[in-house]
Amino acid sequence: MKARKIHIVGIYGSGKSTLAKKLGEKLNIKTYDLDEIKYKRKYDQIRTVSQRKRIVKGISKKSSWISEGAWLDYALDLYKSADLVVFLKIPKNVLYKRIIFRFFKRKLSGKRYFGNNLKNTGKIMRNVRRYFHSTDYFMTLRSHENYINKHARNIFVVKNKKDLKKLFGEIS
């Protein structure tokens, strides 16, 4: 499968950043993180939705890109322009393990990561639970599925390592 414009979507801990980095290296394509677009300064100063949409529109018009993020409110142009949308539909128990592992990996690395504390890790875990079970949370599995099905042309769903291997084998 030939893809030069790829959008990767999933909830916290699903592997969006890791997959974007690996695909970017394999295909030699620049990657974009929707969190970097949302924040002027990481997790501090937030751009307006109109500012984010303007940045996303510029990215979507490029000849090649890989974007990743969970946000829906300003990413419409990426979904519509993508040759491929990769939906990381990872089981909840795997997400919990990854989030906990990431917390300890960062703590033990000696580097300082903004917000890497038990309180925020607990908040992320509660948000993952809401993602799967809530009907009134702003970002849910159902909202991602509906948005993807409505706006994406070509969808590849990843649920496990076997699916990832298949994706890497098919993409060029």
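What you see is a predicted model, and the numbers here were worked out from it, not measured in a lab.

K.L.:
Tell me about the pattern of salt bridges, and please be specific about residues and values.
P.N.:
Under the criterion given, the structure shown has four salt bridges. Between arginine 52 and aspartate 73 there is a salt bridge, with the nearest N and O atoms lying 3.7 Å from each other. Separated by 21 residues along the polypeptide, arginine 52 in helix H3 (residues 49–60) and aspartate 73 in the loop between strand E5 (65–68) and helix H4 (76–81) bring together distant segments of the chain. Glutamate 170 is the partner of lysine 166 in a salt bridge, and the nearest nitrogen-oxygen pair spans 4.0 Å. With lysine 166 and glutamate 170 both in helix H8 (residues 161–170) and four residues apart, the pair spans about one turn of that helix. Its relative accessible area of 48% is what places lysine 166 among the partly exposed residues. A relative accessible area of 32% means that glutamate 170 is categorised as partly exposed.

K.L.:
How would you summarise a nonpolar patch on the surface if you had to cite specific residues and measurements?
P.N.:
There is a patch of nonpolar side chains on the surface, built from Ile100, Phe104 and Leu108 and spanning about 330 Å² of accessible area. Mapping leucine 108 onto the fold places it in helix H5 (residues 92–109).

K.L.:
Could you give an account of unusual backbone geometry, naming the residues involved and the relevant values?
P.N.:
Positive phi is not limited to glycine here, since asparagine 28 has a value of about 55 degrees. If you trace the backbone, asparagine 28 turns up in the loop between helix H1 (16–27) and strand E2 (31–33). Overall, the relative accessible area of 71% leaves asparagine 28 in the exposed class.

K.L.:
So what's going on with the sheet that holds E2? Residues and values would help.
P.N.:
Within a beta sheet, neighbouring strands are joined by backbone hydrogen bonds and run either parallel or antiparallel to one another. A sheet is described by the order of its strands in space; here five strands give the open sequence E2-E5-E1-E6-E7, paired in parallel fashion. Of all the strands in the sheet, the pair left with one neighbour each is E2 and strand E7 (155–158). Neighbour-to-neighbour, the strand axes of the sheet open up by a mean angle of 20 degrees, direction not taken into account. In the sheet, strand E1 (residues 5–10) pairs with strand E6 (residues 84–88) via five bridges, with the strands oriented parallel. Within E6, the residue paired with valine 9 across the bridge is phenylalanine 87. Helix-sheet contacts for H1 involve E1, E2, E5 and E6, and the interaxial angle to E1 is about 165 degrees. Running at roughly 145 degrees to E7, H8 makes contact with E6 and E7 of the sheet.

The rules behind each value
Residues numbered from 1 in each chain as written. Predicted model: local features only at pLDDT ≥ 70, side-chain atom pairs only at ≥ 80, totals over all residues. Heavy atoms only, no water. Salt bridge = Lys/Arg side-chain N within 4 Å of Asp/Glu carboxyl O. Helix = DSSP H or I, 4+ residues; strand = E, 2+ residues; numbered from the N terminus. Buried < 20%, exposed > 50% of the residue type's maximum accessible area, 1.4 Å probe, protein only. Patch = residues over 30% accessible without salt bridge, like charges linked within 9 Å, V, L, I, M, F, W, Y side chains within 5 Å. Areas by Shrake-Rupley, 256 points an atom, 1.4 Å probe, with all protein chains shown as cover. Pairing = 2+ DSSP bridges. Axes fitted to C-alpha atoms, helices over the stretch in contact; angles between N-to-C directions. Contact = heavy atoms within 4.5 Å.

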